[in-house]
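Analysis of the macromolecular model
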There are 2 protein chains.
Amino acid sequence: MQLTSFDQWNCSLAQTMNVIGERWTVLILRDAFFGVTRFEHFRKRLGIARNILATRLKQLADEGVLARAVGENGRPEYRLTDKGYELVPILIAMAHWGDKHKPNPKGARAIFVDRKTGKRIQRMAVRSAEGERLHPKEIGMKRGPGLSA
Amino acid sequence: MQLTSFDQWNCSLAQTMNVIGERWTVLILRDAFFGVTRFEHFRKRLGIARNILATRLKQLADEGVLARAVGENGRPEYRLTDKGYELVPILIAMAHWGDKHKPNPKGARAIFVDRKTGKRIQRMAVRSAEGERLHPKEIGMKRGPGLSA
């Protein structure tokens, strides 16, 4: 693949790491994806300190990845926005890799399925325009206008 | 999605974060994917301190994500292993998200293409067994043996 001199900041991957590059943040997003909405529920599932959880939820809301709303009982609720849902392919790709390469000795942990059919989803893969799986060595990179010198 | 009481450690996603959940690590993997192999080359591209780079490269080699070998001139070279290449779907999914949601005002940064055809790869997406794109709300989760109580 052709080398490019872009620095670590003008890099879409580094920008994403600025949003999700922290363990608690990723686990909060995981739980939001699983349907958790309430502060106390996140706290109990994660075993996370209140102040850290409050900070992370605020960061994710400020980023527009979670939306904060007041629930029926007056307590705040946090839900993934569309921008937040678009992080799910990253989370699933991470889960697939971890389940394969850092396995639990008893077998698969979470198995992701299509709710409609109950069948396992496909393993996350890079695909060509025609839909074929590509090995990373088959991927090239072109400089877009955001990388021009 | 059905809630599950697994803790943050018996979680494939958390396990992956243990390997790549650090900004420099992800940028080192990015550059390895782009063909960088030598310590000095990583260091110059990333502007990273020598001791931090040495530590991160060692961690990635210990993890089996990079393989360390002695190059022709006696200097060490670091290359992605198969296990490392399997991280690429995560990196590409991160790059796609960042390019869309944290854009450079001039436009796209890196554009990933199929080397054979020059066409853009597909946007990373979760797909059903039949190959259809699934919205995250259409994904369910089953407990595998690694999550049984």
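The structure under discussion appears in the preceding block.
Taken together, the 75 residues of chain A in the interface contact 75 residues of chain B. When contributions to the side of chain A that touches chain B are tallied by element, the ones reaching two or more residues are α1 (12-20), α2 (23-33), α5 (82-85), α6 (88-101), β3 (110-114) and β4 (139-143) of chain A. Here the side of chain A that touches chain B gets 12 residues from one element, more than from any other, and that element is α6(A). Split into classes, the residues belonging to the side of chain A that touches chain B amount to 39 nonpolar, 20 polar and 16 charged. Here β3(A) pairs with strand β4 (residues 139-143) of chain B via 5 bridges, running antiparallel. By the bridge assignment for β4(B), A:V113 is matched with B:G140.

Looking now at helix α6 (residues 88-101) of chain B. Over its 14 residues, α6(B) runs 20 Å from end to end, which matches the ideal 20 Å to within 8%, given 1.5 Å per residue. With 12 of its 14 residues buried, α6(B) lies for the most part within the structure. Residues B:V88, B:P89, B:I90, B:L91, B:I92, B:A93, B:M94, B:A95, B:H96, B:W97, B:G98 and B:D99 constitute the buried set of α6(B). Looking at the packing, one finds that the buried side of α6(B) touches α1 and α6 of chain A together with α2 (23-33), α5 (82-85) and β3 (110-114) of chain B.

Another aspect to go through is the pairing of strand β2 (residues 76-80) of chain A. Residue and element names in this part refer to chain A. By the bridge criterion, 5 bridges tie strand β1 (residues 66-70) to β2 in an arrangement that is antiparallel. The residue of β2 that forms the bridge with R68 is Y78. Between β1 and β2, which pair antiparallel and follow one another directly, the connecting turn spans 5 residues, one of which, G74, has a positive phi of 85°.

Moving on, we come to the relation of the copies chain A and chain B. For the match of chain A to chain B, the screw axis carries a shift of 0.0 Å, the RMSD comes to 0.0 Å, and the turn is 180°. Given the turn and translation reported, the copies of this chain are related as if by a two-fold rotation axis.

What follows is about the packing of α1(A) against α2(B). Running from amino to carboxyl end, α1(A) crosses α2(B) at an angle of 160°, the nearest separation of the two axes being 10 Å. When the axis of α1(A) is compared with that of α2(B), the two are roughly antiparallel. For α1(A) against α2(B), the interelement crossing comes out right-handed. On the side of α1(A), the interface is formed by A:L13, A:A14 and A:M17, while α2(B) contributes B:R23, B:V26, B:L27 and B:R30. Across the contact of α1(A) with α2(B), the residue classes tally to 5 nonpolar, no polar and 2 charged.

So, on to the nonpolar core. One recurring pattern in soluble globular proteins is that nonpolar side chains are buried together. Residues A:I90, A:L91, B:I90 and B:L91 are the most contacted members of the largest nonpolar core, which totals 74 residues. Ignoring any residue separated from it by four or fewer positions in sequence, one finds B:I90 in contact with A:I90, A:A93, A:M94 and A:W97.

On to the environment of A:S128. With respect to the secondary-structure elements, A:S128 resides in the loop between β3 and β4. Distance from A:S128 to A:G71, taken between C-alpha atoms, is 43 Å for residues 57 residues apart in sequence.

Below, the discussion takes up the environment of B:R50. All names here are of chain B. Following the sequence through the fold, R50 ends up in helix α4 (residues 50-62). Residue R50 is classed as exposed on the basis of its 10 C-beta neighbours within 10 Å. Between the alpha carbons of R50 and M17 there is a distance of 23 Å; along the sequence they are 33 residues apart.

Turning next to the packing of α2(B) against α4(B). Residue and element names in this part refer to chain B. Following both chains from N to C, one finds α2 and α4 inclined at 70°, their axes separated by 10 Å at the closest point. Taken together, α2 and α4 sit at an angle that is classed as roughly perpendicular. Note on element contacts: α4 touches α2 through I52, R56, L57 and L60, opposite W24, T25 and I28. Partitioning the contact of α2 with α4 into residue classes produces 5 nonpolar, 1 polar and 1 charged.

What counts as what
Residues numbered from 1 in each chain as written. Chains lettered and ligands numbered in written order. Predicted model: local features only at pLDDT ≥ 70, side-chain atom pairs only at ≥ 80, totals over all residues. Contact = placed C-beta atoms within 7 Å. Helix = DSSP H or I, 4+ residues; strand = E, 2+ residues; numbered from the N terminus. Nonpolar A, V, L, I, M, F, W, Y, C, P; charged D, E, K, R; others polar. Pairing = 2+ DSSP bridges. Expected span 1.5 Å × (residues − 1). Buried ≥ 20, exposed ≤ 12 C-beta atoms within 10 Å, placed from the backbone. Least-squares fit on C-alpha atoms with pLDDT ≥ 70 in both. Axes fitted to C-alpha atoms, helices over the stretch in contact; angles between N-to-C directions. Parallel < 35°, antiparallel > 145°, perpendicular 65-115°, else oblique. Left-handed = near helix turned anticlockwise from the far one by under 90°. Core = buried A, V, L, I, M, F, W, Y, C linked by C-beta atoms within 7 Å.

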